[in-house]
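So the chains spell out like this:
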Number of protein chains: 2
Amino acid sequence: MKVTARAHTNIALIKYWGKRDKKLFLPYNSSLSLTLDAFYTDTTVSFIDQKEDVFLLNGELQSKEETQKISTFIQRFRDLSSLEKKVKVESWNHVPTAAGLASSASAYAALAMALNELFQLSLSKEELSIYARQGSGSSTRSLFGGFVEWQKGTKQDGTDSYAVPILAPEECPVGMIFCLINQEKKKISSREGMNRTVETSPFYSGWVESAATDLVQMKKAIAKKDIPMIGELTEKSALKMHATTLGANPPFTYLEPFSWEVIRKVQEWRQEGHTCYATMDAGPNVKILCPKEEISLLQQKIKETFPNLETICSLPGSGAQILSIEKNEKKKGY
Amino acid sequence: MKVTARAHTNIALIKYWGKRDKKLFLPYNSSLSLTLDAFYTDTTVSFIDQKEDVFLLNGELQSKEETQKISTFIQRFRDLSSLEKKVKVESWNHVPTAAGLASSASAYAALAMALNELFQLSLSKEELSIYARQGSGSSTRSLFGGFVEWQKGTKQDGTDSYAVPILAPEECPVGMIFCLINQEKKKISSREGMNRTVETSPFYSGWVESAATDLVQMKKAIAKKDIPMIGELTEKSALKMHATTLGANPPFTYLEPFSWEVIRKVQEWRQEGHTCYATMDAGPNVKILCPKEEISLLQQKIKETFPNLETICSLPGSGAQILSIEKNEKKKGY
């Protein structure tokens, strides 16, 4: 049997920043994201009669190290099903390489979705998000479409740290424009950045407390479909996350001077009456949140202001889904 | 009698950021600065037979509002001396207008110094720093030269919140290069910025705590004349101060994209083996701390990298001093 699943990437509006358990990927704060249609991963899984799992990414066989990560991930599904079969994983990332965007969110969500079907586990998406989480924290949220909350949970074993859908993609009133500031590999991974911040930044406890308040406000804003309130909370959460890294020891920042130029322009446009808000993750790229209807106009405005800045528009995307199930006619050759 | 006093400006290495008492200018955290020789204020005071104090700045008669501030300041000296005479204040700020640098630090220090002599109060510099403080917080530190600590104090009346000298200017191993990023008047005054941060930023308590630790480390670094340690603590304190404003509500920043470009260059040069560190106050200008001997070389390097960036070098400056005392020959005309 060959199962193919697709999952879209997501961008947090209330950021996930810092793990209380590094092994189980348990966060200190709940986060809230928008799943996006522009970037996704398609993953095909099948059983193989080999001694080890096999992992191909974009058609290329991956290193032992990369395969080991995937094997550890698959093992949880094997344990659940008691089927000790090895698996071939073929993944295609439809994330423009130039985008400098993390594909791990869509990758682990698609893989969890596909393995659920292959091992006939019938886990719910909430349950699957617990497994996806253990591959990459933010992948938890890619199981669902539209606005999604990743509830941090309080249990030590992480069984209450999962994603829940907040608003379906067709109901979400906003889209996002990705501004590709710099596509170089970042010097400090988000994992390393988070850990350094948790361990050394005097601002970390303030971050955790204010993220909780912001999340409550954000859910109210979403319930009212209040775009300015959604946007303001989004920009504030991003600025706060990036402020925490300036307090780390040694201090660091993911933002480049040009990131700040774009952020400033977004704030200026807002003063002029436009509805647009900036958010940035563990990298220099700036994403601009705006009403769906204004996305083209705004992209044009960016082009006029920064002619050399590459941009990609995205609307709310759907949750992880099974694309196809191909039954293997085992006896065909006989 | 005509008394003329001079005081130099200072730049905090461990920043002062936030008041626990807005009226008495009492800070939440102790700070530590370097008094600089490049910028200063000369102030002449004399008694006049008029109904109100008179205040001239750079030769121009000042508004009622500005004069009222100065009168409130002078009143404390009148109260101490029981002399109810009105005063004429003539101030000259030797701070390049283009520098966009606050001159209030040197202004109130010079005025306090001059009034002490005019009213024959014989207050010590420590005591004078308590009065200067009530004109402008940072002026407290301009009473002394070189490295100066402003001890925050704990008393409600502010009598234990004053400056103490840490290291004489000739002993200080560092100088500073001012990079004049933008000379426009800032939109958010430091007073307003501080208050908003104290009241709304979730990072403020972290700031206060870490400033205390940084100050202890800084005094150790100064005792050892350990320039890299002095520099690292300086840059960290500045980054932390600016991080707190990103968490304020609404968020704000004094730094411009170009400020970040200069900061990044300073960090790059350090990677290349240069000894230089950035610090920024409530404005976009970046000041670069470096060993005295390397100041010219570094200024040259800045010129090569940013040909249009105006820079001013400064070495450690001396404390406030009396320049001249002119006795009035009252009977001369008879």
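Cut-offs and rules
- Residues numbered from 1 in each chain as written.
- Chains lettered and ligands numbered in written order.
- Predicted model: local features only at pLDDT ≥ 70, side-chain atom pairs only at ≥ 80, totals over all residues.
- Heavy atoms only, no water.
- Pairing = 2+ DSSP bridges.
- Helix = DSSP H or I, 4+ residues; strand = E, 2+ residues; numbered from the N terminus.
- Axes fitted to C-alpha atoms, helices over the stretch in contact; angles between N-to-C directions.
- Contact = heavy atoms within 4.5 Å.
- Buried area = accessible area lost by both parts, 1.4 Å probe.
- Salt bridge = Lys/Arg side-chain N within 4 Å of Asp/Glu carboxyl O.
- Polar contact = N/O pair within 3.5 Å; in protein donor to acceptor, adjacent residues only side chain to side chain.
- Disulfide = S-S within 2.5 Å.
- Parallel < 35°, antiparallel > 145°, perpendicular 65-115°, else oblique.
- Left-handed = near helix turned anticlockwise from the far one by under 90°.
- Nonpolar A, V, L, I, M, F, W, Y, C, P; charged D, E, K, R; others polar.
- Buried < 20%, exposed > 50% of the residue type's maximum accessible area, 1.4 Å probe, protein only.
- Expected span 1.5 Å × (residues − 1).
- Least-squares fit on C-alpha atoms with pLDDT ≥ 70 in both.
- Core = buried A, V, L, I, M, F, W, Y, C linked by side-chain atoms within 4.5 Å.
- Phe/Tyr/Trp six-rings, centres within 6.5 Å; stacked < 30°, edge-to-face > 60°.
- Lys NZ or Arg CZ within 6 Å of the ring centre and 35° of its normal.
- Domains from an automatic or database assignment.
- Lys, Arg positive; Asp, Glu negative; His and termini not counted.

Going by the annotation in an unreviewed UniProt entry, the name recorded for chain A is diphosphomevalonate decarboxylase, with Catellicoccus marimammalium M35/04/3 given as the source organism.

This next bit is on the sheet that holds strand E11 (residues 277-280) of chain A. Residue and element names in this part refer to chain A. Across the sheet, which stays open at both edges, the four strands sit in the order E11-E12-E10-E13 with antiparallel pairing between neighbours. Each edge of the sheet is formed by a strand with only one pairing partner; in this case those strands are E11 and strand E13 (310-314). Direction aside, neighbouring strands of the sheet carry axes that sit 25° apart on average. Where E11 meets strand E12 (residues 286-291), four bridges bridge the pair, whose relative direction is antiparallel. Counterpart to Met280 in the pairing with E12 is Val286.

Between chain B and chain A, the contact holds 19 residues from the first and 19 residues from the second. Carbon and sulfur atoms make up 77% of the surface buried where chain B meets chain A, a total of about 1,900 Å² over both sides. Scanning the region where chain B abuts chain A turns up zero salt bridges. Across the contact surface, chain B and chain A share two residue pairs in polar contact (both at pLDDT 80 or more).

Further remarks concern the sheet that holds strand E10 (residues 174-180) of chain B. Residues and elements named next belong to chain B. Spatial strand order, E11-E12-E10-E13: four strands in an open sheet with antiparallel pairing. The open sheet has two edge strands, strand E11 (277-280) and strand E13 (310-314), and neither has a second partner. Within this sheet the neighbouring strands show an average axis-to-axis angle of 25°, counted without direction. Pairing of E10 with strand E12 (residues 286-291) involves six bridges; the strand directions are antiparallel. Pairing of Val174 across the sheet is with Pro291, part of E12.

Attention now moves to the state of the cysteines. Enumeration according to the criterion identifies zero disulfides over all chains in this entry. Looking at A:Cys276, it has no disulfide partner, and the nearest cysteine sulfur is the one in A:Cys290, 7.5 Å off.

Residue and element names in this part refer to chain B. Following both chains from N to C, one finds helix H1 (residues 64-81) and helix H2 (residues 104-118) inclined at 40°, their axes separated by 10 Å at the closest point. For the element pair H1 / H2, the angle class is oblique. Along this stretch, H1 crosses H2, giving a crossing that reads as right-handed. Where H1 approaches H2, its residues Lys69, Ile70, Phe73, Ile74 and Phe77 are matched on the opposing element by Tyr108, Leu111, Ala112, Leu115 and Asn116. In the contact of H1 with H2, the residues fall into eight nonpolar, one polar and one charged.

Residue and element names in this part refer to chain B. Counting buried positions along strand E4 (residues 31-48) gives 15 out of 18 residues, so the element sits mostly inside the fold. Inspection of the sheet shows E4 paired to strand E8 (residues 147-150) by four bridges, in the antiparallel sense. Within the sheet, the bridge partner assigned to Leu34 lies in E8 and is Phe147. Judged from the nine bridges that link them, E4 and strand E7 (residues 86-94) form a sheet pairing that is antiparallel.

On to helix H6 (residues 227-246) of chain B, then. Here H6(B) is 20 residues long and its end C-alpha atoms lie 29 Å apart, about the 28 Å a rise of 1.5 Å per residue gives. You can read the cap of H6(B) off the contacts: a side-chain oxygen lies 3.0 Å from the backbone nitrogen of B:Met229, and it is on B:Asp226.

So, on to the relation of the copies chain B and chain A. For the pair chain B and chain A, the superposition axis carries a translation of 0.0 Å, the fit reaches an RMSD of 0.0 Å, and the rotation angle comes to 180°. Taken together, these values place the two copies in the relation of a two-fold axis.

Turning next to the nonpolar core. Membership of the largest hydrophobic core comes to 78 residues, with the highest contact counts inside it found for A:Val262, A:Val286, A:Ile288, B:Val262, B:Val286 and B:Ile288. Sequence-distant contacts of B:Val286, that is, excluding residues within four places in its chain, are made with B:Ile177, B:Phe178, B:Cys179, B:Ile181, B:Ser259, B:Val262, B:Ile263, B:Ala278, B:Thr279 and B:Met280.

Residue and element names in this part refer to chain A. If you walk through the whole model with that rule in mind, you get 24 salt bridges over all chains. Lys69 is paired through a salt bridge with Glu66; the nearest N and O atoms lie 3.4 Å apart. Here Lys69 and its partner Glu66 are both found in helix H1 (residues 64-81), three residues apart, which amounts to about one turn of the helix. Judged by relative accessible area, Lys69 falls into the partly exposed class, the value being 45%.

Another aspect to go through is the packing of aromatic side chains. In the structure shown here, the tally under the stated rule is 22 aromatic pairs over all chains. Both rings, one in B:Tyr28 and one in B:Tyr204, keep their centres 5.5 Å apart while their planes meet at 70°; by these two values the pair is edge-to-face. Of the two residues, B:Tyr28 sits in the loop between strand E3 (26-27) and E4 while B:Tyr204 sits in helix H5 (residues 204-223), which places them 176 residues apart along the sequence. Accessibility expressed as a relative area gives 35% for B:Tyr28, which makes it partly exposed. Through a chain of ring-to-ring contacts, three or more aromatic side chains come together here, namely A:Phe73, A:Phe77, A:Tyr108 and A:Tyr131. Directly above the aromatic system of A:Phe47 lies the positively charged group of A:Lys85, at a separation of 5.1 Å from the ring centroid.

This part takes up the pairing of E8(B). All names here are of chain B. Residues Phe147 and Glu149 line one face of E8 and the alternating positions Val148 and Trp150 line the opposite face, and both faces are buried. Where E8 meets strand E9 (residues 163-167), four bridges bridge the pair, whose relative direction is antiparallel. Directly across from Trp150, in E9, lies its bridge partner Ala163.

Right, let's get into the domain arrangement of chain A. Residues and elements named next belong to chain A. Annotation of chain A at the domain level lists domain 1 (2-171) and domain 2 (174-314). In this structure, domain 1 and domain 2 have C-alpha centres spaced 24 Å apart. For the pair domain 1 and domain 2, the summed buried area comes to about 3,100 Å², and 70% of that belongs to carbon and sulfur atoms. Linking Asp281 and Lys15 is a salt bridge whose minimum nitrogen-to-oxygen distance equals 2.8 Å. Applying the counting rule to domain 1 against domain 2 returns twelve residue pairs in polar contact (both at pLDDT 80 or more). Elements represented by at least two residues in the side of domain 1 that touches domain 2 include exactly strand E1 (2-14), strand E4 (31-48), strand E8 (147-150) and strand E9 (163-167). Broken down by class, the residue content of the side of domain 1 that touches domain 2 amounts to 21 nonpolar, five polar and seven charged.

Moving on, we come to the side chain of B:Asp160. All names here are of chain B. Its location among the elements puts Asp160 in the loop between E8 and E9. Despite its burial, Asp160 pairs with no opposite charge, the nearest such side chain being Arg20 at 4.9 Å. In this structure the side chain of Asp160 is engaged in a polar contact, spanning 2.9 Å, whose partner is the backbone nitrogen of Thr154.

A word on the environment of A:Ser296. Residues and elements named next belong to chain A. Here Ser296 is to be found in helix H8 (residues 295-305). Residue class for Ser296 comes out exposed when judged on its relative accessible area of 53%. With 17 residues separating them in the primary sequence, Ser296 and Cys313 have C-alpha atoms 8.0 Å apart.

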